[in-house]
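Below are the chains, spelled out letter by letter.
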Amino acid sequence: MAEMVSNKQVILKDYVSGFPKETDMYITTSSIELKVPKDSNGVLLKNLYLSCDPYMRPRMRNVEGSYAESFKPGSPITGYGVARVLDSENPEFKKGDFVWGMTGWEEYSQITAPHFFKIQHTDFPLSYYTGILGMPGMTAYVGFYEICSPKKGEYVFISAASGAVGQLVGQFAKLLGCHVVGSAGSQDKVDLLKNKFGFDEAFNYKEEPDLNAALKRYFPEGIDIYFENVGGKMLDAVLLNMRIHGRIAVCGMISQYNLDIPEGVHNLMNLIVKRVRMEGFLVPDHYHLYPKFLEIIIPHIKEGKIVYVEDTAEGLESAPSALVGLFSGQNVGKQVVKVATE
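Every value quoted in this text rests on a predicted model; they were computed, and no experiment measured them.

Examining the overall build of the protein chain
Part 1 of the reasoning: Scanning the protein chain for helices and strands turns up eight helices and 15 strands.
Part 2 of the reasoning: Taking 2.2 N^0.38 as the reference for a compact globule, 342 residues should give roughly 20 Å; the C-alpha atoms of the protein chain span a radius of gyration of 21 Å, in line with that estimate.
Part 3 of the reasoning: Taking the principal axes of the C-alpha coordinates as reference, the protein chain spans close to 70 × 45 × 35 Å.
Part 4 of the reasoning: Looking at the protein chain as a whole, 55% of its 342 residues qualify as buried.
Part 5 of the reasoning: Taking the intrachain contacts of the protein chain between residues at least 6 apart in sequence as the baseline, contacts between residues at least 24 apart amount to 69%.
Part 6 of the reasoning: In the protein chain, which carries 34 positive and 40 negative side-chain charges, the distance between the mean positions of the two groups comes to 4 Å.

Right, dumping it as structure tokens:
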């Protein structure tokens, strides 16, 4: 008989309207058999790190046809994570492998159709695969290089710049020789952008009553590339300040995720007048580039050319507050939950 163990889980109570609260989720304990059913093609994982990401907020709604399936009330939340394979009936994975990909917000997960990346470079902290070496790192890479086609000397603006994606986009842009400005929601984050990540300038958007005037101050000659993480009023102000043939990579719109009725955008005419290309993207469409991305990012990390900041919450019990904190800017850097030691 296979061993049965208790399995702590984070459950979504019900679909969420407005700002999510910790009480929209609860912790429960079930039991799980530490064995994969024979011929199931599945794997059994011990989850080590879980990733808190803004895209998870829309999954708390009952939305049909979205690229990311809605969570099911009464079931464990799912998201990107790092795990160790405890048992496998899948030829691609063996016991002891470290993997990253979609897993459950629980101590152990039985995955019947695994789509994981096997972690080859274990000389980095495994938590990096929830961020700089995982989905957010790929998002920064794809959005900046593939969508924006950047050139040396261009003027780059990044909103939500101290988050998991923004901090990397800014550093990629600096390595290319661009002039980089970021916005964030506190003075500490502004200092981090300038002093840790090497941005040329940064500002606290909460202290700017007129975002258009702020952008004109930091970009007197206009913006070539805008990496969009926020939407709403920030996007409207950016549209007034784009240069001819500018590019906007639409990665996310965190200002809109908690609104039942999204804000409208008023300055889209500037896309025509300035011949601006604005393109949304989803990183899973580009995962075939992951090996190429690792070839670029790993030497940069080892040489200290790219630095990375994590905000780690300890224990599965802390996961609801860590996720909710994303939407009020509580995290500094990439928000990760440590579930277990390796």
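Once you've had a look at it, read on.
As for the side chain of D97
Part 1 of the reasoning: When you line up the elements, D97 lands in the loop between β4 (78–88) and β5 (98–104).
Part 2 of the reasoning: Owing to a relative accessible area of 8%, D97 belongs among the buried residues under this scheme.
Part 3 of the reasoning: A distance of 2.8 Å separates a polar side-chain atom of D97 from the backbone nitrogen of K94.
Part 4 of the reasoning: Residues contacting D97, with those up to four places away along its chain left out, are A83, R84, V85, E92 and K118.

Concerning the nonpolar core
Part 1 of the reasoning: W100, W105, I132, L133, F172, I297 and L323 are the most contacted members of the largest nonpolar core, which totals 80 residues.
Part 2 of the reasoning: With seven residues, the top contributor of residues to this core is helix α1 (residues 135–147).
Part 3 of the reasoning: Counting 20 residues, the second largest nonpolar core, distinct from the first, contains L235, M242, I248 and V276.

Examining the packing of aromatic side chains
The description of an aromatic ring pair rests on the distance of the ring centres and on the angle between the ring planes.
Part 1 of the reasoning: Throughout the structure, instances matching the rule amount to 20 aromatic pairs.
Part 2 of the reasoning: On the basis of an interplanar angle of 80 degrees and a centroid distance of 5.0 Å, the ring pair of Y128 and Y308 is categorised as edge-to-face. Pair noted here: Y128 is in the loop between β7 (116–118) and α1 and Y308 is in the loop between α7 (290–302) and β14 (310–314), with a separation of 180 residues, a long-range link.
Part 3 of the reasoning: Residue Y308 is classed as buried on the basis of its relative accessible area of 11%.
Part 4 of the reasoning: Their ring planes at 35 degrees and their centres at 6.1 Å tell us that Y290 and F293 sit as a pair that is tilted.

Notes on the packing of helix α4 (residues 211–218) against helix α5 (residues 232–239)
Part 1 of the reasoning: Axis separation between α4 and α5 bottoms out at 9 Å; the angle between their running directions is 50 degrees. It follows that α4 is oblique to α5 by the angle criterion. Two packed elements cross with a definite hand, and for α4 against α5 that hand is right-handed. Within the contact between the two elements, α4 uses L211, N212 and L215 and α5 uses K233, M234, A237 and V238.
Part 2 of the reasoning: Partitioning the contact of α4 with α5 into residue classes produces five nonpolar, one polar and one charged.

Rules and cut-offs
- Residues numbered from 1 in each chain as written.
- Predicted model: local features only at pLDDT ≥ 70, side-chain atom pairs only at ≥ 80, totals over all residues.
- Heavy atoms only, no water.
- Helix = DSSP H or I, 4+ residues; strand = E, 2+ residues; numbered from the N terminus.
- Rg over C-alpha atoms; globule rule 2.2 N^0.38 Å.
- Buried < 20%, exposed > 50% of the residue type's maximum accessible area, 1.4 Å probe, protein only.
- Contact = heavy atoms within 4.5 Å.
- Lys, Arg positive; Asp, Glu negative; His and termini not counted.
- Charge placed at Lys NZ, Arg CZ, Asp CG, Glu CD.
- Polar contact = N/O pair within 3.5 Å; in protein donor to acceptor, adjacent residues only side chain to side chain.
- Core = buried A, V, L, I, M, F, W, Y, C linked by side-chain atoms within 4.5 Å.
- Phe/Tyr/Trp six-rings, centres within 6.5 Å; stacked < 30°, edge-to-face > 60°.
- Axes fitted to C-alpha atoms, helices over the stretch in contact; angles between N-to-C directions.
- Parallel < 35°, antiparallel > 145°, perpendicular 65-115°, else oblique.
- Left-handed = near helix turned anticlockwise from the far one by under 90°.
- Nonpolar A, V, L, I, M, F, W, Y, C, P; charged D, E, K, R; others polar.

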